[in-house]
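Fold and contact review
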Amino acid sequence: MLVVMHKDASEKQIQNVLAHFRNLKLKPEKLPGSQRVTIGITGNDRYIPNDEVSRLPGIVEVIHVTHKYKKVSREFYAKDTKVRVGDVVFGNGKPVMIAGPCSVESEKQFIKTAKFVKKLGAEVVRGGIFKPRTSPYSFQGLGYKGLQILKKMRDEVGLPFCVEILSVDDIELFAHEVDIIQIGARSMQNFDLLKRLAEINKPMLLKRGPWATVEEFLLAAEYLLSGSNNQVILCERGIKTFESSTRNTLDLNSVALIKKLTHLPIIVDPSHAAGNHEIVGPLSRAALAVGADGLLVEVHPNPLKALSDQKQQLDFKEFEHLMKSLQIFM
Ligand code: PEP
Ligand code: MN
C-alpha cells in the first residue's frame, strides 16, 4: 500500500502517519520524491480500508497494490482449484453441464427432466425448491417436499443435484442432504448466510448479484473461503444494465477476468442472463469459448406449463440441439 502525502504536508504530519502505521504493527517507509513524500507500507496481512487511514492530516491519496480479497486470489493460490462433487470435477479443463428445471414442480416433471438431461451429457441436475420470487403471489417452490423429490432423483437417476438455499435455518439440513448448495444472486451479499456457510465443508455455487461488481462478487466468495471451506464454484448469471431487451446483460468480461484473478472455477448461467430460450444457445457457446468451466441451463419438459421462468427454459428438443452444438468444447 502506498500513502501519498500532500506536497505541502509538514514533517510533523509525515511523522504522525509513520507512527500511525507503526502502531498498527506495519512497516512504513518514507519515500521522498521531488514534489512530495510517499509512504510505502509493507507487512500487512489484511486489507486496510481507505477510511481507516485517509482522514489523517496531510494524506491526499491511498493506493492499494494488493486486492481486497486474499484467499480467492491467484496470488494466494496459483493453481486452478478443482471442486469435486462425487465423480464430477469443476475446474478440470472439461466443462460441466448443470441442467434442469427452474423449479422442482412434481416428481414426474423432475425425474423425467433429469433422465433426459443425463442421457445427453449433463452431469449435475438443478431444480429450485425455495424460490426467491419478486412477487409474493408467484410460485414459491415446493419447499421440503421438493427436497424428497431431489433425493429420489439422485437415487433413481444417479446424478448429484444443485439447489438454492434461502435461509440460515436450512444450513444443517442442506449440509447433510444436498450435493451442491446454491447461493442465489439475491443472497450474494446475505452476510449472515455467507458466514454460516463458511463453517461447513461442502461444494457451493455462488451466483453473482445482478448489481454486484466483480470485486464485490469475489469478496462474497472470500466470506465463504474464510472458514474451513474451499469448495466454491462461482457463477456469472448476468447483471442489470440500461439494456432492457434481455432480462439481464451477460457479462463475459467477468468470466475472462475472474479466470485471471482467482483460482476458483467459474461457470455461466445463460438462462437467467438472457431470460429468453431463443438466445441461450449462442450465449452458452460464447461462455465456453471465453473459458467458463461449465454451464447452468434451465430445461423443462413443457416450458409453456412451467410454474416459473417459462420464457427462458429450454424444451427437450432445444436442449438436445444445444448439447450437439457444444460438442467441440466438451
Ligand atoms: C436460479 O438459478 O434458480 C435463480 C433463481 O437464479 P438467480 O439467483 O441467478 O436469479
Ligand atoms: Mn429460474
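For every chain, the first residue of its written sequence is number 1, and the numbers climb from 1 along that sequence. For this description, chains carry letters from A and ligands carry numbers from 1, given in the order in which they are written. pLDDT decides what is reported in this predicted model: residues at 70 or higher carry local features, side-chain atom pairs at 80 or more are listed and counted, and totals for whole chains, interfaces and linings draw on all residues regardless. Based on all heavy atoms of the structure, the side-chain values leave hydrogens and waters out of the count.

1. With respect to the coordination of the manganese ion (ligand 2)
The expected angle between donors at a tetrahedral four-coordinate metal is 109.5 degrees. At an octahedral six-coordinate metal it is 90 or 180 degrees. To keep it simple, the criterion reads: Each metal's donors are the N, O and S atoms within 2.8 Å of it, or within 3.2 Å when it is Na, K or Ca, and because water is not part of the set, sites may look incomplete. Counting from the N terminus, the helices are DSSP H or I runs at least four residues long and the strands are E runs at least two residues long. Relative accessible area decides the class of each residue, using a 1.4 Å probe on protein chains only: under 20% of the type maximum gives buried, over 50% gives exposed, and in between gives partly exposed.
Distances from the manganese ion (ligand 2) to its protein donors, C102 (SG), H272 (NE2), E298 (OE) and D309 (OD), fall within 2.0 to 2.4 Å. Going along the chain, you hit the donors of the manganese ion (ligand 2) in the pattern C-x169-H-x25-E-x10-D. Pair noted here: C102 is in the loop between β7 (96–100) and α2 (107–119) and H272 is in helix α8 (residues 270–274), with a separation of 170 residues, a long-range link. Overall, the relative accessible area of 1% leaves C102 in the buried class. Under the relative-accessibility criterion, H272 is labelled buried at 9%.

2. Thoughts on the site of ligand 1
Under the convention used in this document: Distances are taken per atom, and a residue is near a molecule or strand as soon as one of its heavy atoms is within 4 Å of it. Any N or O atom pair separated by 3.5 Å or less is treated as a polar contact, with the protein-specific requirement of one donor-capable and one acceptor-capable atom, and with residues adjacent in sequence counted only for side-chain atom pairs. With residues, only the protein chains shown are counted as cover, and all accessible areas are computed by Shrake-Rupley using a 1.4 Å probe. Any residue outside Ala, Val, Leu, Ile, Met, Phe, Trp, Tyr, Cys, Pro, Asp, Glu, Lys and Arg is labelled polar, Gly included; the first ten of those are nonpolar and the last four are charged.
Every residue close to ligand 1 is listed here: R126, K131, E164, Q182, G184, A185, R186, K207, R237 and H272. Separating an oxygen atom of ligand 1 from a side-chain N or O atom of K131 is a distance of 3.0 Å. Residue K207 places a side-chain N or O atom 2.8 Å away from an oxygen atom belonging to ligand 1. Surface burial for ligand 1 is 97%, taken as the share of its 290 Å² of free accessible area covered by protein chains. Residue classes in the shell around ligand 1 are distributed as 1 nonpolar, 3 polar and 6 charged.

3. Section: the domain arrangement of the chain
The condition that has to hold: Source of the domain bounds: an automatic or database domain assignment.
Taken domain by domain, the chain holds domain 1 (2–63) and domain 2 (83–325). On a C-alpha basis, the centroid separation for the pair domain 1 and domain 2 is 44 Å.

4. Section: the packing of α2 against helix α10 (residues 316–325)
How we decide: Every axis in this analysis is a line fitted to C-alpha atoms, fitted for helices over the stretch in contact. Angles between the N-to-C directions lie between 0 and 180 degrees. Note on angle classes: values under 35 degrees are labelled roughly parallel, values over 145 roughly antiparallel, values of 65 to 115 roughly perpendicular, and the remainder oblique. Handedness of each helix crossing follows the sense of rotation of the near helix against the far helix: counterclockwise by less than a right angle gives left-handed, clockwise gives right-handed. By definition, residues are in contact when any of their heavy atoms lie within 4.5 Å.
Following both chains from N to C, one finds α2 and α10 inclined at 25°, their axes separated by 11 Å at the closest point. When the axis of α2 is compared with that of α10, the two are roughly parallel. Judged by the twist between their axes, the crossing of α2 over α10 is right-handed. Mapping the contact onto sequence places K112, T113, F116 and V117 in α2 and F316, F319 and E320 in α10. Residues belonging to the contact of α2 with α10 are distributed by class as follows: 4 nonpolar, 1 polar and 2 charged.

5. Quick notes on the side chain of N276
Relative to the elements of secondary structure, N276 occurs in the loop between α8 and α9 (280–289). Separated by 2.9 Å, the side chain of N276 and the backbone nitrogen of E278 make a polar contact. Ignoring anything within four residues of it in the chain, the contact list for N276 reads S271, K311 and Q312.

6. Focus on the sheet that holds strand β1 (residues 2–5)
Note the threshold: Paired strands are those between which DSSP finds at least two bridges.
One open sheet holds the 4 strands; their spatial order is β2-β3-β1-β4, and the pairing between them is antiparallel. Both outer strands of the open sheet, β2 (27–32) and β4 (59–63), are each paired with one neighbouring strand and no more. Along the sheet, successive strands turn relative to each other by an average axial angle of 20°, direction set aside. Note: β2 against strand β3 (residues 37–42), 6 bridges, orientation antiparallel. Its bridge partner being in β3, P32 is matched across the sheet by V37. Against the sheet, helix α1 (residues 11–23) touches β1, β2, β3 and β4, its axis set at about 155° to β2.

7. Quick look at the environment of E278
Mapped onto the elements of the fold, E278 is located in the loop between α8 and α9. Expressed as a C-alpha distance, the spacing of E278 and V214, which sit 64 residues apart in the sequence, is 27 Å.

8. What to know about the pairing of strand β12 (residues 232–236)
Extensive coverage of β12 is indicated by the burial of 5 of its 5 residues. As defined by bridge partners, strand β11 (residues 204–207) adjoins β12 across 4 bridges and the pair is classed as parallel. Each residue of the ladder has a partner; that of L206, found in β12, is L234. Sheet analysis places β12 next to strand β13 (residues 266–268), joined by 3 bridges and oriented parallel.

9. Section: the packing of helix α6 (residues 214–225) against helix α7 (residues 252–261)
Where α6 contacts α7, the two axes come as close as 11 Å, and the packing angle between them is 50°. By the angle between their directions, the pair α6 and α7 is classed as oblique. Handedness of the α6/α7 crossing: right-handed. Of the residues in α7, those touching α6 at V214, F217 and L218 are S254, L257, I258 and L261. Looking at the contact of α6 with α7, its residues break down into 6 nonpolar, 1 polar and no charged.

10. Quick look at the pairing of strand β14 (residues 294–298)
Strand residues, when the strand is regular, have side chains that alternate between the two faces of the sheet. Among the 5 residues of β14, 5 are classified as buried, and the element is accordingly described as predominantly covered. Of the two faces of β14, the one lined by G294, L296 and E298 and the one lined by L295 and V297 are each fully buried.

11. Focus on a nonpolar patch on the surface
Using the following cut-off: A patch consists of residues exposed above 30% relative accessible area that lack any salt bridge, with like charges linked at up to 9 Å and nonpolar side chains (Val, Leu, Ile, Met, Phe, Trp, Tyr) linked at up to 5 Å. For this document, the term salt bridge refers to a Lys or Arg side-chain nitrogen within 4 Å of an Asp or Glu carboxyl oxygen.
Taken together, the side chains of L2, L31, I63 and V65 define a hydrophobic patch exposed on the protein surface, amounting to about 300 Å² of accessible area. Mapped onto the fold, L31 is located in strand β2. A residue is classified by how much of its surface remains accessible, and L31, at 34% relative accessible area, is partly exposed.

12. A word on the pattern of salt bridges
Counted according to the given criterion, the structure contains 16 salt bridges. A salt bridge links D8 to K7, with the nearest nitrogen and oxygen atoms 3.6 Å apart. Taken together, the shared-partner salt bridges in this structure form one network comprising E107, K152 and E156.

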